[in-house]
Amino acid sequence: MKGSSKIDGWIIAGGASSRMGQDKASLEIGGRKLIHIAARALSNICDGRVSIAGSTREFAPALSAFPDAEVPGHGPLAGISTSLSNGSSEWIAIISCDMPFITGEVFAILADHAGPEDDAVVPVQSDGRPQPLCALYRRRTVLPIVKDLIQSTDRSINNLLSRLSERYVPFSRFSDFQNAEHLFLNINSPADHERAKDIFVSSHY
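Residues numbered from 1 in each chain as written. Predicted model: local features only at pLDDT ≥ 70, side-chain atom pairs only at ≥ 80, totals over all residues. Heavy atoms only, no water.

Engineer: Provide a residue-level description of the nonpolar core, including the pertinent values.
Structural biologist: Judged by nonpolar contacts, the single largest core of 37 residues is most densely connected at Ile11, Ile102, Phe107, Leu136 and Phe174. Top element by residues in this core is helix α1 (residues 34-46). It accounts for seven residues. Here phenylalanine 107 is in contact with Ala41, Leu42, Ile45, Ala93, Ile94, Ile95, Ile102, Cys134, Ala135 and Leu136, once residues within four sequence places are set aside. Counting residues in each nonpolar core, the second largest holds 23 residues, with Leu77, Ala120, Leu149 and Leu164 among its members. (Core = buried A, V, L, I, M, F, W, Y, C linked by side-chain atoms within 4.5 Å. Buried < 20%, exposed > 50% of the residue type's maximum accessible area, 1.4 Å probe, protein only. Helix = DSSP H or I, 4+ residues; strand = E, 2+ residues; numbered from the N terminus. Contact = heavy atoms within 4.5 Å.)

Below you can see the structure in the form of C-alpha cells.
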C-alpha cells in the first residue's frame, strides 16, 4: 500500500464494557481519554478520517459515530462490520478503544506491508498471537465475509481471519519500540486500567 493516500480509520467502541463497569472509551491514561489516544494512533495514516464504530461520545464531539446495526452479543465482529459498511476507502484501519499503547508508527508499518493480494494486515503480539483489533482490512473483500459470519454460530475473530488472505506482520517489526512488551496491552478490567496507568508513569510516555 506504499503511496496510498486514503485510508479510513475506525475506533471499535461498541462493546458493553461489562467487566470494566463503565465505558472504556472514557477512561484516562496520562490525562487523555482512551478514545482520543486511539484517534491519535490512527491519524498517522488516516489524515483525520477517523470515526467511531459505536455510539456517540459527548466527550469526543469531533468524531463521527456509527452505532452498530447488529443485535447485541456479536462482539467485536459487529464493530468491524460497522466500520466496513460505513467506510468509503479501499482499506480500513481499525483499533479497539482499549489499547492505549498503540502508536501511529504501528499503523504505518502495517500499511507498508499491505499487498495487492491481501485481505487483511494483522500484527503479531510478543506472545505469538495475532491482534486483529489493531489491523487493516480491505473493505470490498472482507465485508461480505463478515456479514456471512454474523449470521453463523461462530462469530469469533479467529474464524474471520481463517477465511481471509491475511498478511501477518511479525512482532520483530515492533520489538524495538519503547516498552514493546506492552504495545498490544488491552484494558478489560479495573485492574488492567491500574496496570496501564502504572506502565505509563514508569515509562515516561
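Engineer: Lay out the sheet that holds strand β6 (residues 91-96) in plain terms, naming residues and giving numbers.
Structural biologist: With respect to topology, seven strands assemble into an open sheet ordered β5-β4-β1-β6-β8-β7-β9, the strand pairing being mixed. A strand with exactly one partner marks an edge of an open sheet, and here the two such strands are β5 (64-66) and β9 (166-169). Averaged over all pairs of adjacent strands, the angle between strand axes in this sheet comes to 25°, irrespective of strand direction. Here four bridges tie strand β7 (residues 120-123) to β9, and the two strands are oriented parallel to one another. (Pairing = 2+ DSSP bridges. Axes fitted to C-alpha atoms, helices over the stretch in contact; angles between N-to-C directions.)

Engineer: Describe the side chain of arginine 57, and please don't skip the residues or the numbers.
Structural biologist: Residue position: arginine 57 is located in the loop between β4 (50-53) and β5. A polar contact is formed between the side chain of arginine 57 and the backbone oxygen of serine 55, at a distance of 2.9 Å. Ignoring sequence-local partners within four residues, the contact set of arginine 57 consists of Ala13, Asp23, Ala25, Ile35 and Ile52. (Polar contact = N/O pair within 3.5 Å; in protein donor to acceptor, adjacent residues only side chain to side chain.)

Engineer: Describe the pattern of salt bridges, listing the residues and the values that go with them.
Structural biologist: If you walk through the whole model with that rule in mind, you get eleven salt bridges. One salt bridge in this structure joins arginine 163 and aspartate 148, with 3.0 Å as the shortest N-O distance. In this pair, arginine 163 sits in the loop between α5 (157-162) and β9 while aspartate 148 sits in helix α4 (residues 139-150), placing the two residues 15 residues apart along the sequence. Given the relative accessible area of 41%, aspartate 148 is considered partly exposed. (Salt bridge = Lys/Arg side-chain N within 4 Å of Asp/Glu carboxyl O.)

Engineer: Tell me about the packing of helix α2 (residues 76-86) against α4, and please be specific about residues and values.
Structural biologist: Between two packed helices, the angle of one axis relative to the other and the distance separating the axes together describe the packing. At a minimum axis distance of 9 Å, the contact between α2 and α4 shows a crossing angle of 140°. Considering their axes alone, α2 and α4 lie oblique with respect to each other. Viewed along their axes, α2 and α4 form a crossing whose handedness is left-handed. Residues Leu77, Ala78, Ile80, Ser81, Leu84 and Ser85 of α2 form the contact with α4, whose own contacting residues are Arg139, Val142, Leu143, Val146, Lys147, Leu149 and Ile150. The residue makeup of the contact of α2 with α4, split by class, is nine nonpolar, two polar and two charged. (Parallel < 35°, antiparallel > 145°, perpendicular 65-115°, else oblique. Left-handed = near helix turned anticlockwise from the far one by under 90°. Nonpolar A, V, L, I, M, F, W, Y, C, P; charged D, E, K, R; others polar.)

Engineer: Can you explain unusual backbone geometry? Please cite residues and give values.
Structural biologist: For aspartate 47, which is not glycine, the phi torsion reads 50° and is therefore positive. Within the fold, aspartate 47 resides in the loop between α1 and β4. For asparagine 179, which is not a glycine, the phi torsion comes out positive at approximately 50°.

Engineer: Account for the packing of aromatic side chains, with residues named and values stated.
Structural biologist: In the structure shown here, the tally under the stated rule is three aromatic pairs. Ring centres of phenylalanine 174 and phenylalanine 177 lie 5.9 Å apart, and the angle between their planes is 85°; this geometry places the pair in the edge-to-face category. Accessibility expressed as a relative area gives 0% for phenylalanine 174, which makes it buried. Three or more aromatic residues joined by ring pairs form one cluster here, namely Phe174, Phe177 and Phe184. Looking at lysine 33, its charged tip hangs above the ring of phenylalanine 59, at a distance of 5.2 Å from the centre. (Phe/Tyr/Trp six-rings, centres within 6.5 Å; stacked < 30°, edge-to-face > 60°. Lys NZ or Arg CZ within 6 Å of the ring centre and 35° of its normal.)

Engineer: Outline the packing of α1 against helix α3 (residues 104-113), supporting the account with residue identities and numerical values.
Structural biologist: Taken N-terminus to C-terminus, the directions of α1 and α3 make an angle of 40°; their axes are 7 Å apart at the nearest point. Comparing the axis directions of α1 and α3 gives the class oblique. Once α1 is placed against α3, the crossing between them reads as right-handed. Here Ala41, Leu42, Asn44 and Ile45 of α1 lie close against α3, whose contacting residues are Gly104, Glu105, Phe107 and Ala108. Of the residues contributing to the contact of α1 with α3, the split by class is five nonpolar, two polar and one charged.

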